[in-house]
Amino acid sequence: MPADLQNPLNSGFGMRSTPSEVIADADLSGKLAVVTGGYSGLGFETTKGLAEAGADVIVPARRPDHAREVLAGLGDTKGTVTVDEMDLGDLASAAGFGERMAAAGRPVDILINNAAIMACPETRVGDGWEAQFATNHLGHFVMTNSMWPVLVDGGARVVVLSSTGHKLSDIRYDDLQFSAGYDKWQAYGQAKTANALFAVQLDALGKAAGVRTFAVHPGGIMTELQRHLPHEEMIAMGWMDAEGNLNELFKTPEQGASTSTWAAVSSQLDGLGGVYCDNCDIAPIEDPDSPYARFVGVKPYAVDADNAARLWNLSVELTGVNAFG
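Below or above, wherever it landed, is the structure these notes cover. Keep in mind that this is a model prediction, so the values were computed, not measured.

### Concerning the overall build of the chain
Phase 1: Helix and strand content of the chain: 11 helices and 10 strands.
Phase 2: Since a compact globule built from 325 residues should have a radius of gyration of about 20 Å, the 18 Å found for the chain is in line with a globular shape.
Phase 3: For the chain, the C-alpha atoms occupy an extent of roughly 45 × 45 × 40 Å along the three principal directions.
Phase 4: In the chain, which comprises 325 residues, the proportion classed as buried is 56%.
Phase 5: Taking as baseline every contact in the chain between residues at least 6 positions apart, the subset at least 24 positions apart corresponds to 77%.
Phase 6: Of the roughly 13100 Å² that the chain leaves accessible, carbon and sulfur atoms contribute 49%.
Phase 7: Once the 22 positive and 41 negative side-chain charges of the chain are each reduced to a mean point, those two points are 1 Å apart.

### Let's talk about the pattern of salt bridges
Phase 1: What the rule picks out here adds up to 11 salt bridges.
Phase 2: Note that D84 and R100 form a salt bridge whose closest N and O atoms lie 3.0 Å from each other. In this pair, D84 sits in strand β3 (residues 81-85) while R100 sits in helix α4 (residues 91-104), placing the two residues 16 residues apart along the sequence.
Phase 3: Residue classification places D84 among the partly exposed residues on the basis of a relative accessible area of 22%.
Phase 4: On the basis of relative accessible area, R100 is assigned to the partly exposed category, the value being 39%.
Phase 5: With a shortest N-O distance of 2.7 Å, E122 and R124 are connected by a salt bridge.
Phase 6: Overall, the relative accessible area of 34% leaves R124 in the partly exposed class.
Phase 7: The structure contains a network of salt bridges with shared partners spanning K167, E286 and K299.

### Description of the packing of aromatic side chains
Phase 1: The final tally for this structure, using the stated rule, is seven aromatic pairs.
Phase 2: Between F178 and Y182, the ring centres sit 6.0 Å apart and the planes meet at 75 degrees, which makes this aromatic pair edge-to-face.
Phase 3: Classification of F178 by relative accessible area gives buried; the value is 1%.
Phase 4: Grouped by ring-pair contacts, the aromatic residues F141, W148, F198, W312 and F324 constitute a single cluster.
Phase 5: Taking the ring centre of F178 as reference, the NZ or CZ of R172 above it sits at 3.8 Å.

### A closer look at helix α3 (residues 64-71)
Phase 1: Among the residues making up α3, those that are buried are P64, A67 and L71. What you see down the axis of α3 is that its buried residues fit within an arc of 55 degrees, all on one side. Exposed positions of α3 whose direction lies more than 90 degrees from the buried face are D65 and E69.
Phase 2: Contacts from the buried residues of α3 go to α2 (41-52), β2 (56-61) and β3.

### Observations regarding the environment of E286
Phase 1: Within the secondary structure, E286 is located in the loop between β10 (281-282) and α11 (305-319).
Phase 2: A relative accessible area of 11% places E286 in the buried class.
Phase 3: As a C-alpha pair, E286 and G154 span 132 residues in sequence and 34 Å in three-dimensional space.
Phase 4: Not counting chain neighbours up to four residues away, the residues in contact with E286 comprise K167, A293, V296, G297, V298 and K299.
Phase 5: A polar atom in the side chain of E286 sits 2.7 Å from the side chain of K167.
Phase 6: Within the structure, the side chain of E286 is placed 3.3 Å from the side chain of K299, a separation counted as a polar contact.

### Examining a nonpolar patch on the surface
Phase 1: Together, Y292, F295 and V296 make up an exposed nonpolar region whose accessible area comes to about 350 Å².
Phase 2: Relative to the helices and strands, F295 resides in the loop between β10 and α11.
Phase 3: Look at F295 and you get exposed, because its relative accessible area is 54%.

### Focus on α4
Phase 1: For α4, which comprises 14 residues, the first-to-last C-alpha distance of 20 Å matches the rise-based estimate of 20 Å (1.5 Å per residue) to within 8%.
Phase 2: Listed as buried for α4 are L91, S93, A94, A95, G96, F97, G98 and M101.
Phase 3: Of the residues that open α4, the one with a side-chain oxygen 3.0 Å from the backbone nitrogen of A92 is D90.
Phase 4: Following α4 by one or two positions, G105 adopts a phi angle in the positive range, close to 85 degrees.

### Observations concerning unusual backbone geometry
Phase 1: Phi angles above zero are rare outside glycine, and N10 is one such case at about 55 degrees.
Phase 2: Following the sequence through the fold, N10 ends up in the segment before α1 (19-22).
Phase 3: With relative accessibility at 69%, the residue N10 sits in the exposed group.
Phase 4: One non-glycine residue, N279, adopts positive backbone phi at about 50 degrees.
Phase 5: Among the secondary structure elements, N279 is positioned in the loop between β9 (276-278) and β10.

Scoring rules and cut-offs
Residues numbered from 1 in each chain as written. Predicted model: local features only at pLDDT ≥ 70, side-chain atom pairs only at ≥ 80, totals over all residues. Heavy atoms only, no water. Helix = DSSP H or I, 4+ residues; strand = E, 2+ residues; numbered from the N terminus. Rg over C-alpha atoms; globule rule 2.2 N^0.38 Å. Buried < 20%, exposed > 50% of the residue type's maximum accessible area, 1.4 Å probe, protein only. Contact = heavy atoms within 4.5 Å. Areas by Shrake-Rupley, 256 points an atom, 1.4 Å probe, with all protein chains shown as cover. Lys, Arg positive; Asp, Glu negative; His and termini not counted. Charge placed at Lys NZ, Arg CZ, Asp CG, Glu CD. Salt bridge = Lys/Arg side-chain N within 4 Å of Asp/Glu carboxyl O. Phe/Tyr/Trp six-rings, centres within 6.5 Å; stacked < 30°, edge-to-face > 60°. Lys NZ or Arg CZ within 6 Å of the ring centre and 35° of its normal. Arc of directions from axis to C-beta. Polar contact = N/O pair within 3.5 Å; in protein donor to acceptor, adjacent residues only side chain to side chain. Patch = residues over 30% accessible without salt bridge, like charges linked within 9 Å, V, L, I, M, F, W, Y side chains within 5 Å. Expected span 1.5 Å × (residues − 1).

Written out as structure tokens, the structure reads:
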């Protein structure tokens, strides 16, 4: 059971570590990485860290021209950075990118499912699906399954970005699409739980082929992810004060990219998978009696193997895509 594996390793890194620190001993020359959302916020810093270590990085983007303009700011890196087109909110687009990767045939060593939307106004995509669940989970589900052959060929590490937002909601099997009334934070919570459970089940299905998967909470970071949140709401939640000064527990985007990078390359995780990580380590199961329970640890339901299998089967029903069918 994945919950039994939620034992911190005492990795030697922490919340203020940076990608360059956690990747210092890794030479990624000749490796191929894919980073969704790799041109904004912590995704940009993740792309930067991997490329500077020698990896060739492909960044699928909804706005490819904008992504190319932003990534030109990286300057010279040991590895190359290229941009392809993909809209995670459009499952045909997500499948198309994955199929192009599979057809190209180059083994993928690292896949980081980083892109996300958060707490947006009620939006429907696809077959009337709630947009946060559809974009953050189903889009990545379809893309990853569609490129499965090259992940196997690369013996890939797959990193799926979750969040402590998962503590806001388990999967709402009785009303997955919020047809009875929309709550933006419950919808975000469900999507982030889905991301964690996706990592659990993909690891269970893929480990025999040498593909290991990890869920990651990057930490509190101020990026474009907060585009839908008014300052008044962020002040009320304690994220910042009235003058706009951030809570001291927030990370810089560079620090926020470190756990994704660590999970993608660290030998400390060899032989492991299906676990939820934060602050460059495996997170413990949440202690519900702790005053820090909202921010520390992972909810048992987000690493439950039965819950993960149930969500996987539901995702197959919704999308018609399954590399293991």
